[in-house]
Amino acid sequence: LGYRIARRALRSFYHVHAGWVHEAAREQLPANTSVVFFINHRSNMDYLLVSYLASHRAALSYGAGEWARIWPFRPLLRLAGAYILRRNHNSPIYRIVLRRYVQMATAAGVPHAIFSEGGLSRNGKVNEPKLGLLSYVCRDFDPRGDGEIMFIPVGTNFDRVVEERVLIANENTDFRNRGAGFVLGSTGLFALKQIWNKLTGRWQGFGVAAANFGEPLSLRDWSKRNKLSFARLDKEPLFAAIEDLGAELHRRVICVIPILAV
């Protein structure tokens, strides 16, 4: 149900286009492989776009920000596989529970999607990666074990981002913390404007939404090349290894971001 709603919502705004898919990303993976999509974050439509394009192969689990706690976004995104992150929650118990949840889901083979930048890009540029969830996925991984983790870099792009006016107006402020009234109010005004444009014949849509799926990266092969095991590293070497891995994945994402006509 969640994927059907996501598909309908996405197609009501965009012409959806799956661009280039690396041949290795099409291959059938062994049963003990956990797949993690590593994605840039242009729009909140990224959730729907990647879920929709990957739905014929996998049901994705991914973390959504605090904004998604508000009705009706929360039930819709939970139907489509999201769990809600509280990035400003400083409780160590919350961090431990979240880390353990991600580790158990990864070990069980649940396909994950991680947005490399954490939050939305305010200006269209690809920001530096945030590595919190990536560290949770990797920190117990032992390349000598039976399990495997395969990262698939995904680049997304849109002719027009639906949140552009809010992002531009709040370029230097964190509008996520402005409360439910702001989120619902701005969303409601946006929806009313689009309905009015449709009724008056001025609706032009938002163009193309596209995604490219790049060359997968095997965490086992990467660990062997760098002669390390995440599960055996102390805190500082672990963070250094995560930064190196994040930089490599981030570079692969940038290389496959679609170039659209606009």
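Refer to the structure above for everything that follows.
Attention here is on the structure that accompanies the text. (Residues numbered from 1 in each chain as written. Predicted model: local features only at pLDDT ≥ 70, side-chain atom pairs only at ≥ 80, totals over all residues. Heavy atoms only, no water.)

### A short note on the overall build of the chain
Here's step 1: Counting its regular elements, the chain contains 10 helices and eight strands.
Here's step 2: Against the 2.2 N^0.38 benchmark of 18 Å for 262 residues, the chain shows a C-alpha radius of gyration of 19 Å, consistent with a compact globule.
Here's step 3: Projected onto its principal axes, the C-alpha coordinates of the chain cover approximately 65 × 45 × 35 Å.
Here's step 4: Out of the 262 residues in the chain, the part that is buried amounts to 47%.
Here's step 5: As displayed, the chain offers around 14,200 Å² of accessible surface, 55% of which is attributable to carbon and sulfur atoms.
Here's step 6: If the 35 positive side-chain charges of the chain are averaged to one point and the 22 negative ones to another, these points end up 9 Å apart. (Helix = DSSP H or I, 4+ residues; strand = E, 2+ residues; numbered from the N terminus. Rg over C-alpha atoms; globule rule 2.2 N^0.38 Å. Buried < 20%, exposed > 50% of the residue type's maximum accessible area, 1.4 Å probe, protein only. Areas by Shrake-Rupley, 256 points an atom, 1.4 Å probe, with all protein chains shown as cover. Lys, Arg positive; Asp, Glu negative; His and termini not counted. Charge placed at Lys NZ, Arg CZ, Asp CG, Glu CD.)

### Notes on the pairing of strand β2 (residues 33–39)
Here's step 1: Counting buried positions along β2 gives seven out of seven residues, so the element sits mostly inside the fold.
Here's step 2: Where burial is concerned, the two faces of β2 agree: the one with Thr 33, Val 35, Phe 37 and Ile 39 and the one with Ser 34, Val 36 and Phe 38 are both buried.
Here's step 3: Note: β2 against strand β6 (residues 148–158), seven bridges, orientation parallel. Each bridged residue has a counterpart across the sheet, and for Phe 38 the counterpart in β6 is Pro 153.
Here's step 4: Both β2 and strand β5 (residues 112–115) contribute to a ladder of four bridges, which runs parallel. (Pairing = 2+ DSSP bridges.)

### Points about the pairing of β6
Here's step 1: Burial of β6 is extensive: 11 of the 11 residues sit out of reach of the surface.
Here's step 2: The side-chain alternation of β6 yields two buried faces, one formed by Glu 148, Met 150, Ile 152, Val 154, Thr 156 and Phe 158 and the other by Ile 149, Phe 151, Pro 153, Gly 155 and Asn 157.
Here's step 3: Across two bridges, β6 lies against strand β8 (residues 217–218) in antiparallel orientation. Each residue of the ladder has a partner; that of Phe 151, found in β8, is Leu 217.

### As for the nonpolar core
Here's step 1: Ranked by internal contacts, the top residues of the largest apolar core, which has 36 residues, are Tyr 14, Phe 37, Met 45, Val 154 and Phe 213.
Here's step 2: Among the secondary structure elements, those contributing two or more residues to this core are α1 (2–13), β2, α3 (45–54), β3 (61–64), β4 (82–84), β5, β6 and β7 (208–213).
Here's step 3: In terms of residue count, the dominant contributor to this core is α3 (eight residues).
Here's step 4: Residue contacts for Val 154: discarding those within four places in its chain leaves Phe 37, Phe 38, Ile 39, Asn 40, Val 50, Ala 211, Asn 212, Phe 213, Val 253 and Val 256. (Core = buried A, V, L, I, M, F, W, Y, C linked by side-chain atoms within 4.5 Å. Contact = heavy atoms within 4.5 Å.)

### A word on the state of the cysteines
Here's step 1: In this structure the tally under the stated criterion is zero disulfides.
Here's step 2: For the unlinked cysteine Cys 138, the closest cysteine sulfur is that of Cys 255, found at 20 Å.
Here's step 3: A relative accessible area of 0% places Cys 138 in the buried class. (Disulfide = S-S within 2.5 Å.)

### Description of the packing of aromatic side chains
Here's step 1: Overall, the coordinates contain six aromatic pairs when judged by the stated rule.
Here's step 2: Relative to Phe 213, the ring of Phe 37 lies with its centre 6.1 Å away and its plane at 85 degrees, an arrangement referred to as edge-to-face. Residue Phe 37 is found in strand β2, and its partner Phe 213 is found in strand β7; the two are separated by 176 residues along the sequence.
Here's step 3: You can call Phe 213 buried: its relative accessible area is 8%.
Here's step 4: An aromatic cluster is present here, built from Phe 13, Tyr 14, Phe 158 and Phe 206 joined pairwise through their rings. (Phe/Tyr/Trp six-rings, centres within 6.5 Å; stacked < 30°, edge-to-face > 60°.)

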